[in-house]
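Chain residues, written in single-letter form:
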Amino acid sequence: MSRMHPTRPQVEIFVWLSIFLLLVLLSWQFHWHESLDAFVEEHHRYPLDDVFVALNISGFLGLIYSVLRIRDLSKEVNRRLQAEKNVDWIAYHDSLTELPNRRFLDSVCAQKTIDRWARQAYAVFSIDLDGFKKINDLLGHDHGDAVLKAVAQRLSSLFPGERVFRLGGDEFVILARRTGNPDLVAVGNSIVAEIGKPFTINGIAIDLGASVGLALYPDNGDDLNQVIRHSDCAMYSAKRQGRNLVKTFIPSMHDELAKRIRVEADLRAAIKNAEIVPYYQPLVDLKTNKVIGFEALARWKTASGEFIPPSEFIPVAEEAGLIVDLAEQLLRRACTDALSWPDDLVLSFNVSPLQLSDRLLGLRILKILGDIGFPAHRIELEVTESAIIQDAVTARIVLDDLVNAGVRIALDDFGTGYSSLSQLSNYQFDKIKIDRSFVTSFEANDKQDKVVKAIIALGAGLGVTITAEGIEEESQLRRLQDLGCDIGQGYLLGRPVPVEELAADHASASIVQHRR
Ligand code: C2E
Ligand code: CA
Ligand code: CA
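About the criteria used
Residues numbered from 1 in each chain as written. Chains lettered and ligands numbered in written order. Predicted model: local features only at pLDDT ≥ 70, side-chain atom pairs only at ≥ 80, totals over all residues. Heavy atoms only, no water. Helix = DSSP H or I, 4+ residues; strand = E, 2+ residues; numbered from the N terminus. Rg over C-alpha atoms; globule rule 2.2 N^0.38 Å. Buried < 20%, exposed > 50% of the residue type's maximum accessible area, 1.4 Å probe, protein only. Contact = heavy atoms within 4.5 Å. Lys, Arg positive; Asp, Glu negative; His and termini not counted. Charge placed at Lys NZ, Arg CZ, Asp CG, Glu CD. Donors = N, O, S within 2.8 Å, 3.2 Å for Na, K, Ca; no water. Near = heavy atom within 4 Å. Polar contact = N/O pair within 3.5 Å; in protein donor to acceptor, adjacent residues only side chain to side chain. Areas by Shrake-Rupley, 256 points an atom, 1.4 Å probe, with all protein chains shown as cover. 1 Å grid on protein atoms, 1.4 Å probe; cavity = no way out; pocket = protein on both sides within 12 Å on 5 of 7 lines; lining within 4 Å. Sits in = over half its atoms within 2 Å of the grid points. Nonpolar A, V, L, I, M, F, W, Y, C, P; charged D, E, K, R; others polar. Axes fitted to C-alpha atoms, helices over the stretch in contact; angles between N-to-C directions. Parallel < 35°, antiparallel > 145°, perpendicular 65-115°, else oblique. Expected span 1.5 Å × (residues − 1). Arc of directions from axis to C-beta. Core = buried A, V, L, I, M, F, W, Y, C linked by side-chain atoms within 4.5 Å. Points joined across faces, edges and corners; volume = space filled by probe spheres on them.

An unreviewed UniProt entry lists the protein chain under the name Diguanylate cyclase (GGDEF) domain-containing protein, with Rhizobium mongolense subsp. loessense given as the organism.

Visitor: Describe in detail the overall build of the protein chain, supporting the description with residues and values.
Guide: When helices and strands are tallied, the protein chain shows 20 helices and 16 strands. Computed over the C-alpha atoms, the radius of gyration of the protein chain is 38 Å, more than 25% above the 24 Å expected from 2.2 N^0.38 for a compact globule of 516 residues. If you line up the protein chain on its principal axes, its C-alpha atoms span 140 × 55 × 50 Å. Counting over 516 residues, the protein chain shows a buried share of 41%. In the protein chain, of all internal contacts separated by at least 6 residues, the share reaching a separation of at least 24 is 67%. For the protein chain, the separation between the mean place of its 56 positive charges and that of its 70 negative charges on side chains is 1 Å.

Visitor: Account for the coordination of the calcium ion (ligand 3), naming residues and giving values.
Guide: D412 (OD), D413 (OD), E469 (OE) and E469 (OE) make up the full set of protein donors to the calcium ion (ligand 3), lying at 2.1 to 2.7 Å. In the primary sequence, the donor residues of the calcium ion (ligand 3) line up as D-D-x55-E. Here the calcium ion (ligand 3) and the calcium ion (ligand 2) are spaced 4.0 Å apart, linked through D412, which binds each one. With D412 in strand β13 (residues 408–414) and E469 in the loop between β15 (465–468) and α18 (474–483), this residue pair connects regions lying 57 residues apart in the sequence. For the pair D412 and E469, one class covers both residues: buried.

Visitor: Account for the site of ligand 1, naming residues and giving values.
Guide: If you check the shell around ligand 1, you find 21 residues, and the closest are Q281, A298, R299, E472 and Y491. Between D412 and ligand 1, the recorded distance is 3.0 Å, taken from a side-chain N or O atom to an oxygen atom. A distance of 2.8 Å is found between an oxygen atom of ligand 1 and a backbone nitrogen or oxygen belonging to Y491. Relative to its unbound accessible surface of 790 Å², ligand 1 loses 82% to contact with the protein. Of all the cavities here, the one that holds ligand 1 is the second largest pocket. Secondary structure elements with two or more residues in the shell around ligand 1: β9 (291–301), α10 (310–319) and β13. Of the residues that constitute the shell around ligand 1, the class distribution is 9 nonpolar, 5 polar and 7 charged.

Visitor: Give me the packing of helix α2 (residues 32–42) against helix α3 (residues 48–92): which residues, what numbers.
Guide: At a closest axis distance of 9 Å, the pairing of α2 and α3 adopts a crossing angle of 135 degrees. What the angle tells us is that α2 and α3 run oblique. Contacts from L36, F39 and V40 of α2 reach α3 at L48, D49 and F52. Within the contact of α2 with α3, the residues separate by chemical class into 5 nonpolar, no polar and 1 charged.

Visitor: Residues and numbers for helix α11 (residues 323–339), please.
Guide: For α11, spanning 17 residues, the distance from its first C-alpha to its last is 24 Å, which sits close to the expected 24 Å at 1.5 Å a residue. Listing the buried residues of α11 in full gives I323, L326, A327, L330, L331, A334, C335, D337 and A338. Projected onto a plane normal to the axis of α11, the buried residues spread over an arc of 160 degrees and lie on a single side.

Visitor: How would you summarise the side chain of S211 if you had to cite specific residues and measurements?
Guide: Inspection of the secondary structure puts S211 in strand β6 (residues 209–217). Residue class for S211 comes out buried when judged on its relative accessible area of 0%.

Visitor: Please set out helix α17 (residues 446–462) residue by residue, giving values where relevant.
Guide: Residues lying three or four places apart along an α-helix face the same way, a consequence of the helix completing one turn every 3.6 residues. Taking 1.5 Å as the rise per residue, α17 with 17 residues should run 24 Å; its terminal C-alpha atoms sit 24 Å apart, in good agreement. Contacts from the buried residues of α17 go to β13, β14 (431–434), α16 (436–441), β15 and α18. N-capping of α17 is provided by N445, with a side-chain oxygen placed 2.9 Å from the backbone N of K447. Looking one or two places after α17, you find G463, whose phi comes out positive at around 70 degrees.

Visitor: Lay out the nonpolar core in plain terms, naming residues and giving numbers.
Guide: The nonpolar side chains of soluble globular proteins are, as a tendency, buried together. With 76 residues, the main nonpolar core has I276, L347 and L356 as its most contacted residues. Looking at this core, the element that brings in the most residues is α11, giving 7 residues. Setting aside anything within four residues of it in sequence, one finds L356 in contact with V351, L361, V383, A387, I388, T394, A395, V398 and L399. If you look at the next biggest cluster of nonpolar residues, it comprises 31 residues, including L129, I174, I206 and V212.

Visitor: Account for empty space enclosed by the protein, naming residues and giving values.
Guide: All chains considered together, the criterion is met by 2 cavities of 30 Å³ or more. Reported here for the largest cavity is a volume of approximately 100 Å³. V324, A327, E328, L331, F349, V351, Q355, D358, L361, R364, I365 and I368 are the residues that line the largest cavity. Mapped by element, the contributors of at least two residues to the lining of the largest cavity are α11 and α12 (361–372). Among the residues making up the lining of the largest cavity, the classes are represented as 8 nonpolar, 1 polar and 3 charged. Taken together, C233, Y236, S237, R240, M253, E256, L257 and R260 form the lining of the second largest cavity. Elements with a contribution of two residues or more to the lining of the second largest cavity: α8 (224–240) and α9 (252–272). Broken down by class, the residue content of the lining of the second largest cavity amounts to 4 nonpolar, 1 polar and 3 charged.

Here it is, written out as C-alpha cells:
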C-alpha cells in the first residue's frame, strides 16, 4: 500500500554529500590546490599549513559527527512515523476484533464519493446478531467479547480479501466486491448459516442468530454511505420479521423505517408522560357468573385522540428497549388501581416474551408489589408458550422466583403456539387461556369443538383452571358452560374499560349483569 519515501535526514545527507563532491570537483577543475600551495608558499612565515591541517581534521570530525547525528535523527523520525502509524491503526480499527471500524468505513465512503470514476460494484451486507444481548446478560461480558471475536473470525474467513467492519456492539458490515453475477441472497444465507453454528466458549455451547440486510452499490444509490443505510434498513426489516433472515433492500423499507422511528420517538414520550395506561377487562366465573378479577390491557391514546393498539406498540417497545420501563409503569399503575378493589379480585397482567428473557424480571415484579403493598397471591401473570420456549432456562428461573413468592401463572393464547404438552408437564401453571381463535370458530367447526372439549378435560385432569377468551355470543357462552369451562372473558361479558368506569360500576359482578 505504501511506497517508500526518503526521510528528511536522508535528504540532508544527500545534499551535504553533493555539496562536498561539488567542492572537490570545483577545486580539481580550477586547480584550487595549486593556488593554495602558491599562497602558502608566499606566506611561509605564517604557519598556514598547520592551520589548514587543523581545518581539515576539524572538518572531517564535523562530517563524522554530522553523519552520526543524522543517523540518530533518522532513527527518531522512523520511530515517530511508526507511532503515528500505530495511532492511525488504533483510530481506524476495533481493538477487540481488530476489524476496521466505522471511521474506516466512513473514510472508504468519502474516498468512493471522490473517486466516482473508479467505481467498483459492491454488495453491502449489514449484519446484526440475534440473541447477543442475552449472552452478555447471562454469561457476562467476557463471554460476550469472546463471541464477538469468534464472529469476526468467521466473517473474515467467509469473505477472504474483502472488507469486514465492526460498527460497534453486535453490528457488522461487509463490503464485498461484485464480479460476475453471484446469487447474493445465497451469500447472505451463508452468513446466517455461519453465525448459526454453535460457538464454544470456555466449554459452554452458545447459539446465536443473525439478521442480514443486503443492498447494492451503485445499483441502490450513487453514494456508498447511502447504500450502507439502505442495507441497514433491509437488516432492520429482517430483524422485525424474525431471526435468521436475509432481506434485500426495496425502497418501501424506508417508509417502514421512518414510520417506526416516529412511533418509537412518540412511544418514548408517551412512556415519559405516562400516557399509556391499563384498561381492565373482567374475568368471569362461568359457574357463578361472578367477576373474579380483571385483565390489565395496555391502552395508548395519543394527543390527537387516536388509539394505537398494543399489538402495534408492544413490539416497538420491545425492540427499542423500552419494554422494561413501560411494563414497570403499567404494573405500578395497575397494582395501585387494584388495591382499591375488593380483596378477592385478582389482577391479571401480561408479560411479553422479551421480558421473560430478563433473569431479574421476577425480582423486579416482586419489588413493585412490595413497594405498593399489593399481595402476591392476588396477581396472575399471563405468559405465552413462545415466550417460554424462546429461553427456557431463564423462563424457569423467573417463573420459579414468582411462583415461590405466591404469584400465579397463566398460559396465554393456548393453542396458537407450539402447544407442546411438555410445557404443561414442565411447569405448574395455574391457568390455561384458550385462544380466541378457537372460541370464534368452535361452534361452526366440529373439530375445533372437540379440541376445546379436550383442552377443558386436560385442565380438569391437571387441576388447572381453564379460561376461554373472546366470548362475543350468548351461544358461545352457553356451549362453554356446558363443556365445564371455568372462566370466561370477552366483549359479551365486558369490554376493557378505563379505571374510572370500573369505579363507577363498583368493580363488581354488577358489570357483568349490566352488560349482558
Ligand atoms: P391478549 O393477552 O390475548 O389479550 C386479549 C386481547 O383480546 C385484547 O386485545 C382484548 O381487548 C381482546 N379481546 C378481549 N375480548 C375480546 C372479544 O370478545 N373479541 C375480540 N375481538 N377481542 C377481544 P388488546 O387489548 O388489543 O391486546 C392485544 C394483545 O396485546 C394482548 O393479547 C397482549 O398479548 C398484548 N398486550 C396488551 N396489553 C399488554 C401489556 O400491558 N403488556 C404486554 N406485554 N402485552 C400486552
Ligand atoms: Ca393476555
Ligand atoms: Ca390471549
